[in-house]
Amino acid sequence: MSAGVATSDPRATDAAAVVLDAGGNAVDAAVTATFVLYVVEPQSCGVAGDAFAFVAGPALVPMAYDGSGALPRALTAERLAADGLEGVPPRGGRTATVPGAVHLLQTVLAHHGTLAWAEAIGPALALARDGFEVRPSLAGAARRAAAEIGGDPVLGRLYVPEGSPVAEGSVVRNPALADCLATIAREGAAVMYRGALAGALVRTVQDDGGYLNGDDLAAHETVEAAAEHVTFRGTEVWEFPLPTQGPAVLHALQALESGSALGGEIDWSAVLDATRAGMVASGFDPAAMGPRATPAKGDTTYLAVVDHSGMAVSLITSVFGDFGSHLGVPELGGPVHNRATTLRMLHRAPAPGKPPHTTIPALVTAGDGAPQLCLGVAGGIMQPQTQVQVLIRVLCEDLALQAAIDAPRFKICFGGGVALEPGHPLVAALPAALQKDPGPEGFGNAQAVGWRHGILDAGADPRRSGFARLLP
């Protein structure tokens, strides 16, 4: 049986392929690739971010692992008001929540993997220590964020050295991240929650006025989420529940499945309406996201892996905004995420528990329960919108995965307006949407691996220079 990998960076894809070629399974490959992405895509993900993952197989019921962290217990509306704030700011220590990504990676590897923890971290550690070449996605993010991160003693030195953002083709070495990864490899994920790295994270956040403390970190655990699914075109589409955007996808697909929009030629106006309604129903209404939303730039990365036995992993991980909080932690060699700013984006007050999450990996299973497709998207509120559109291209129009990912998309933007990519079927009805700026998230960046007519297929989004590989 063939295997496949799709990520947003060829170095992560290649690292996963090496693991699969050596006999490792999909979880081994996914964890290895994710750590590589923590080095080469610091604008999008890192050890101080969050993650969600589906793990499934021919004899394994889909398992949904929630590696997101809670809001700090001290982050309350009263505390914000006492600090002279109307709400969570866009960046800085006050935006930090508990980072759950590393704990999730260790959990899924322990439950389903075969590779040693330190061995999975090894390729990433080498890249951080020896250096890696800057690709367009990092160069672009550094250029956009230069004015904001240039003065940070961690992020500025790495990505805006001597006042100039790193350029494509330049080399970045991150010895602090290499040391951090070596510590995690040696001591396990617990060091991020109860050990030296936890203490360093809390000190940096609190020195910047943030609310995260050691008790918040110590209470964290990866949990198995109650994944939800709907029947669509003879398959089961699985998503994470609230507070993620997963229900938006399911709501839209369920409405389309029961209607007439997918019979014969696709009624893309109906698809647009169903997608909008799904987002509203799940609490992520773009029209309600006004000036305070300050949408993030370049957040999130997604990867899909299917191994030679048919085991599948659909994993998404994020620091939310570009370079997260813009607050670098010296001992981590990178930023802590700014996940609390989803409250700002959705105009919600802090409440105990986890904040809303834009990040949603998807899984499609066949009638016999076996994995059929792993799909995910980077791009904030574009994530459910792209998932719906790619699923229709694949399951209704029968496009190959790369063609489905390449196909032009619509976007319901902040404020509710619609933007279109050239060539979209809705151009005739909404010509002005071609000139609409989709915002810094763009039209999303998708990766996918799955079976088409019994043959494994893979695709990666050229919008972010993604890279997919099939292995015999």
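Residues numbered from 1 in each chain as written. Predicted model: local features only at pLDDT ≥ 70, side-chain atom pairs only at ≥ 80, totals over all residues. Heavy atoms only, no water.

A. Inspection of unusual backbone geometry at higher detail. Of the consecutive residues L242 and P243, the connecting peptide bond is found in the cis state with omega at 10 degrees. Note that P243 resides in the loop between β8 (235–239) and α11 (246–258). One non-glycine residue, D398, lies in positive phi territory at about 60 degrees. Mapped onto the elements, D398 comes out in the loop between α14 (382–395) and α15 (401–406). Relative accessible area serves as the criterion here: at 35%, D398 is assigned to the partly exposed category. (Helix = DSSP H or I, 4+ residues; strand = E, 2+ residues; numbered from the N terminus. Buried < 20%, exposed > 50% of the residue type's maximum accessible area, 1.4 Å probe, protein only.)

B. Representation of the state of the cysteines. Counted under the stated rule, the structure contains zero disulfides. Lacking any disulfide linkage, C45 is separated from the closest cysteine sulfur, that of C180, by 13 Å. Given the relative accessible area of 2%, C45 is considered buried. Assessed through its relative accessible area of 1%, C180 is described here as buried. (Disulfide = S-S within 2.5 Å.)

C. Seen up close, the confidence of the model for the chain. On average, residues of the chain score 96 in pLDDT, and 98% of them reach the 70 mark or higher. Taken as a whole, residues 291–296 scores under 50 in pLDDT and shows 15 contacts with residues more than four places along the chain or in a different chain. (pLDDT = per-residue confidence, 0-100. Contact = heavy atoms within 4.5 Å.)

D. Main features of the sheet that holds strand β7 (residues 228–232). Read across the open sheet, the six strands follow the order β7-β8-β13-β14-β17-β18; overall the sheet is antiparallel. Lying at the two open borders of the sheet, with one neighbouring strand each, are β7 and β18 (455–460). Strand-to-strand twist of the sheet, defined as the mean angle between neighbouring strand axes without regard to direction, takes the value 15 degrees. Here strand β17 (residues 445–452) pairs with β18 via six bridges, running antiparallel. Across the sheet, the residue bridging to Q447 is A460, located in β18. (Pairing = 2+ DSSP bridges. Axes fitted to C-alpha atoms, helices over the stretch in contact; angles between N-to-C directions.)

E. Local environment of the packing of helix α12 (residues 268–281) against α14. At a closest axis distance of 10 Å, the pairing of α12 and α14 adopts a crossing angle of 140 degrees. What the angle tells us is that α12 and α14 run oblique. Crossing hand, α12 versus α14: right-handed. When α12 is examined against α14, the residues W268, V271, T275 and M279 are found in contact with a partner set consisting of P384, Q385, V388, Q389, I392 and R393. Residues of the contact of α12 with α14, tallied by class, amount to six nonpolar, three polar and one charged. (Parallel < 35°, antiparallel > 145°, perpendicular 65-115°, else oblique. Left-handed = near helix turned anticlockwise from the far one by under 90°. Nonpolar A, V, L, I, M, F, W, Y, C, P; charged D, E, K, R; others polar.)

F. View of empty space enclosed by the protein. Taken as a whole and assessed by the stated rule, the structure comprises two cavities of 30 Å³ or more. The space that makes up the largest cavity amounts to roughly 90 Å³. Every residue lining the largest cavity is counted, 13 residues in all, and those nearest its centre are Y38, G46, G333, G334 and P335. Taken as a whole, the second largest cavity spans an internal volume of roughly 50 Å³. Looking at the second largest cavity, the residues that line it are V364, Q372, L373, V394, L395, L401, G450, W451 and R452. At the level of secondary structure, the elements contributing two or more residues to the lining of the second largest cavity comprise β14 (371–378), α14 and β17. Top element by residues in the lining of the second largest cavity is β17. It accounts for three residues. For the lining of the second largest cavity, the class distribution of residues is six nonpolar, two polar and one charged. (1 Å grid on protein atoms, 1.4 Å probe; cavity = no way out; pocket = protein on both sides within 12 Å on 5 of 7 lines; lining within 4 Å. Points joined across faces, edges and corners; volume = space filled by probe spheres on them.)

G. Representation of the sheet that holds strand β2 (residues 50–57) within the structure. Taken in spatial order, the seven strands make up an open sheet running β6-β3-β2-β10-β9-β1-β19, and their pairing is antiparallel. Each edge of the open sheet is held by one strand with a lone partner, namely β6 (223–225) and β19 (467–471). Across the sheet, the mean angle from the axis of one strand to that of its neighbour is 15 degrees, orientation sign disregarded. On the sheet, helix α4 (residues 101–112) packs against β2, β3 (60–67) and β10 (312–318) and is oriented at approximately 155 degrees with respect to β3.

H. Structural detail: the packing of aromatic side chains. Applying the stated criterion across every chain yields a total of five aromatic pairs. Considering the side-chain rings of F35 and Y38, the 5.8 Å spacing of their centres and the 80 degrees angle between planes classify their relative orientation as edge-to-face. Taken as a pair, F35 and Y38 lie in helix α2 (residues 26–40) at a separation of three residues, close to a single helical turn. Using a relative accessible area of 3% as the deciding quantity, one classes Y38 as buried. Taken together, a centroid distance of 4.9 Å and an interplanar angle of 55 degrees make the contact between F54 and F240 tilted. (Phe/Tyr/Trp six-rings, centres within 6.5 Å; stacked < 30°, edge-to-face > 60°.)

I. A look at the pairing of strand β13 (residues 362–365). Residues A362 and V364 line one face of β13 and the alternating positions L363 and T365 line the opposite face, and both faces are buried. The pairing of β8 with β13 spans three bridges and is antiparallel. Directly across from V237, in β13, lies its bridge partner V364. Alignment of β13 against β14, held across four bridges, turns out to be antiparallel. By the bridge assignment for β14, A362 is matched with L375. The turn linking β13 back onto β14 is made up of five residues, and G369 within it adopts a positive phi angle of 90 degrees.

J. Representation of the side chain of N338 within the structure. By the secondary structure assignment, N338 is in the loop between β12 (334–335) and α13 (341–345). On the basis of relative accessibility, which here comes to 2%, the residue N338 falls in the buried class. For N338, the side chain forms a polar contact with the main-chain nitrogen of G321, separated by 2.9 Å. When sequence neighbours within four positions are dropped, the list of residues in contact with N338 reads P90, R91, T95, V319, F320, G321, G324 and S325. (Polar contact = N/O pair within 3.5 Å; in protein donor to acceptor, adjacent residues only side chain to side chain.)

K. Structural detail: α2. Taking 1.5 Å of rise per residue, the 15 residues of α2 would be expected to cover 21 Å, and the 21 Å separating its terminal C-alpha atoms lies within 8% of that figure. In terms of burial, α2 is largely enclosed, as 15 of its 15 residues are buried. Where α2 starts, the residue carrying a side-chain oxygen 3.0 Å from the main-chain nitrogen of V27 turns out to be N25. (Expected span 1.5 Å × (residues − 1).)

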